[in-house]
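Chain by chain, the residues:
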2 protein chains.
Amino acid sequence: MNIKIEKLIKQFAKLPRVGTRAATRMVIALLQDKTGRAESLAHALIDATEHIHPCQICGVLTDGEVCEYCADVARQNGELCIVRDFSDVLVLEKSGVFHGRYHVLGGMLSGVDGITPNDLNIACIAQRIEQEKINEIIFALPNTVEGKTTQQYIISTLNNTDVSFSELASGVPLGGDLDYIDDGTLTLAFGGRKKL
Amino acid sequence: MNIKIEKLIKQFAKLPRVGTRAATRMVIALLQDKTGRAESLAHALIDATEHIHPCQICGVLTDGEVCEYCADVARQNGELCIVRDFSDVLVLEKSGVFHGRYHVLGGMLSGVDGITPNDLNIACIAQRIEQEKINEIIFALPNTVEGKTTQQYIISTLNNTDVSFSELASGVPLGGDLDYIDDGTLTLAFGGRKKL
């Protein structure tokens, strides 16, 4: 195969959940398109990388000095939701369930991957609690060992503040059939059962 | 969401079999990456669109005047394989099953989508038969109504040449379990059954 095409396919194949087959399909569609889609994709990408950066307060991707959530005074309601990355912010915003401020860690603590507290956006949380008068921290981290470890670590660094902590409820998802629920989720759902 | 990010997600979501969710994941991965993957993807894309074009003989994507298959005299063995698009060439090359020349149509005839013979790379096939001393045309088109219509149309335009025509065999795929084969394929496999 032509080396320029091969190089392009390799670049696309590095995208999350894209294999060589899907990358090949994407590259061929782009190169065969006569409406200039490939150029406009390349220019949108360059434009975004030049202007988009993490918000200096919370880590949300933005092209301003601070992001739209940190700039919105109506969102300063004392609630701070801690998430792993920007995609989690988009999911929560789409659901419309949360109206406070966000804090993006940029990953989870992991001994296996060698990710330490210094690699994550953790140090400035204490400062935000004071400056933004936060009284509740809501952890919306992945329900995994890494998520729980990170959550415990953050709580331990904040033990001299009088903020309260909460985490998302674990249990059977809406419309979830017990036949298809794993044992771990079932155990959590039983442990957290609610009196009616 | 930021308008530049939204624009980029929309561009990615136009890629084949990529929805908004997958596009969002790709864009966030690119923008959060600190190794410059987004820039290098954009530059590879621009480089490819500037230099890659269809081979003037067969339609295969190339950065030369003619593609590697048309330039290779060893491939002038009298066989011409007609395919829908460039990705089919890659699939056949990977299998190593064919050693002749290719001809990429760039689509299938379709009344529904308004694709006529003039939209496809059909007119020059007769000229290739003469110039490249083709004696067998092998149709490797999709096994669909559009594929068969296109095949019949091409045969009808070449009825004053003494080239022979063949098409790929239809039937049960290797390792195929009859439980999972559709009725159409089963009918073709029965019709084309081989005496042992």
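Before any of the text, the structure's been laid out above.
Read on for an overview of the structure. (Residues numbered from 1 in each chain as written. Chains lettered and ligands numbered in written order. Predicted model: local features only at pLDDT ≥ 70, side-chain atom pairs only at ≥ 80, totals over all residues. Heavy atoms only, no water.)

1. A look at the relation of the copies chain A and chain B
Quick note on the threshold: Superposition of the copies used a least-squares fit over C-alpha atoms from residues whose pLDDT is at least 70 in both. Contacts between residues were defined by any pair of non-hydrogen atoms, one from each residue, lying within 4.5 Å.
The transformation that overlays chain A on chain B combines an axial shift of 0.1 Å with a rotation of 180 degrees, and the residual RMSD is 0.1 Å. Considering both components of the superposition, the chain copies are consistent with a two-fold axis. Scanning chain A for the C-alpha nearest the rotation axis identifies A42 of chain A, at a separation of 2.2 Å. A shared binding surface is used by both copies, with 100% of the interface residues of chain A retained as interface residues in chain B.

2. Re the pairing of strand 6 (residues 164-167) of chain B
Residues and elements named next belong to chain B. As a reminder of what qualifies: One bridge is not enough; two strands pair if DSSP finds at least two bridges between them. Helix and strand definitions here come from DSSP, where helices need a minimum of 4 consecutive H or I residues and strands a minimum of 2 consecutive E residues; each element is numbered from the N-terminal end. Consider the strands pointing away from the viewer: the crossover is right-handed when the path from the first strand over the helix to the second runs clockwise.
Of the strand pairs in this sheet, strand 5 (residues 136-139) and strand 6 are connected by four bridges, and their pairing is parallel. Bridged to I137 within strand 6 is F165. One crossover worth recording links strand 5 to the parallel strand 6 by way of helix 7 (residues 145-157), and it is right-handed.

3. As for the interface of chain A and chain B
The following threshold applies: A simple way to read buried area is as the amount of 1.4 Å-probe accessible surface that goes missing from two parts once joined, with both sides added. Each reported salt bridge corresponds to a side-chain nitrogen of Lys or Arg within 4 Å of a carboxyl oxygen of Asp or Glu. In protein, a polar contact requires one atom able to donate a hydrogen and another able to accept it; more generally it is a pair of N or O atoms within 3.5 Å, and residues adjacent in sequence count only if both atoms are side-chain atoms.
Each side of the interface is counted separately: chain A has 43 residues, and chain B has 43 residues. In this assembly, chain A packs against chain B so that about 4,400 Å² is buried in total across both faces, 73% of it on carbon and sulfur atoms. Here chain A and chain B share two salt bridges between them. K4 of chain A is paired through a salt bridge with D47 of chain B; the nearest N and O atoms lie 3.5 Å apart. There are six residue pairs in polar contact (both at pLDDT 80 or more) connecting chain A and chain B. The set of elements that each furnish at least two residues to the side of chain A that touches chain B consists of helix 1 (3-12), helix 2 (20-32), helix 3 (37-51), strand 2 (61-62) and helix 5 (86-95) of chain A. By residue number, the principal contributor to the side of chain A that touches chain B is helix 3 of chain A, which donates 14 residues.

4. Examining the sheet that holds strand 6 of chain B
Residue and element names in this part refer to chain B. Stated precisely, the cut-off is as follows: Where helices are involved, their axes are fitted lines through C-alpha atoms of the stretch in contact, as for all axes, and angles between N-to-C directions lie from 0 to 180°.
Reading across from one edge, 4-3-5-6 is the order of the four strands in this open sheet, with parallel pairing throughout. If you trace the sheet from one side to the other, it starts and ends with strand 4 (101-104) and strand 6, each paired once. When the angles between neighbouring strand axes are averaged without regard to direction, this sheet yields 25 degrees. Of the pairings in the sheet, the one linking strand 3 (residues 79-83) to strand 4 comprises four bridges and is parallel in character. Note that in strand 4 the partner of L80 across the bridge is R101. The strands that helix 5 (residues 86-95) touches are strand 3 and strand 4; relative to strand 4, the one it contacts most, it runs at about 155 degrees.

5. With respect to the pattern of salt bridges
Proximity of charged atoms lets side chains of opposite charge pair with each other. For clarity, the threshold we go by: For every residue, the accessible area obtained with a 1.4 Å probe (protein chains only) is divided by the maximum for its type, and the residue is called buried under 20%, exposed over 50%, and partly exposed between those limits.
Taken as a whole and judged by the stated rule, the model has 14 salt bridges over all chains. D33 of chain A is paired through a salt bridge with R37 of chain A; the nearest N and O atoms lie 3.7 Å apart. The class for D33 of chain A is partly exposed, based on a relative accessible area of 22%. One salt bridge in this structure joins K148 of chain B and E167 of chain B, with 2.9 Å as the shortest N-O distance. Here K148 of chain B is found in helix 7, whereas its partner E167 of chain B is found in strand 6, with 19 residues between them in sequence. When its relative accessible area of 30% is taken as the criterion, K148 of chain B is described as partly exposed. Where salt bridges share partners, they join R101, R128 and E132 of chain A into one cluster.

6. Structural notes on the sheet that holds strand 4 (residues 101-104) of chain A
All names here are of chain A. Taking strand neighbours across the sheet as the criterion, the four strands line up as 4-3-5-6 in an open arrangement whose pairing is parallel. Each edge of the open sheet is held by one strand with a lone partner, namely strand 4 and strand 6 (164-167). Direction aside, neighbouring strands of the sheet carry axes that sit 25 degrees apart on average. Seen against the sheet, helix 5 touches strand 3 (79-83) and strand 4 and runs at an angle of roughly 155 degrees to strand 4.

Scope: geometric values only; no functional claims are made or implied.
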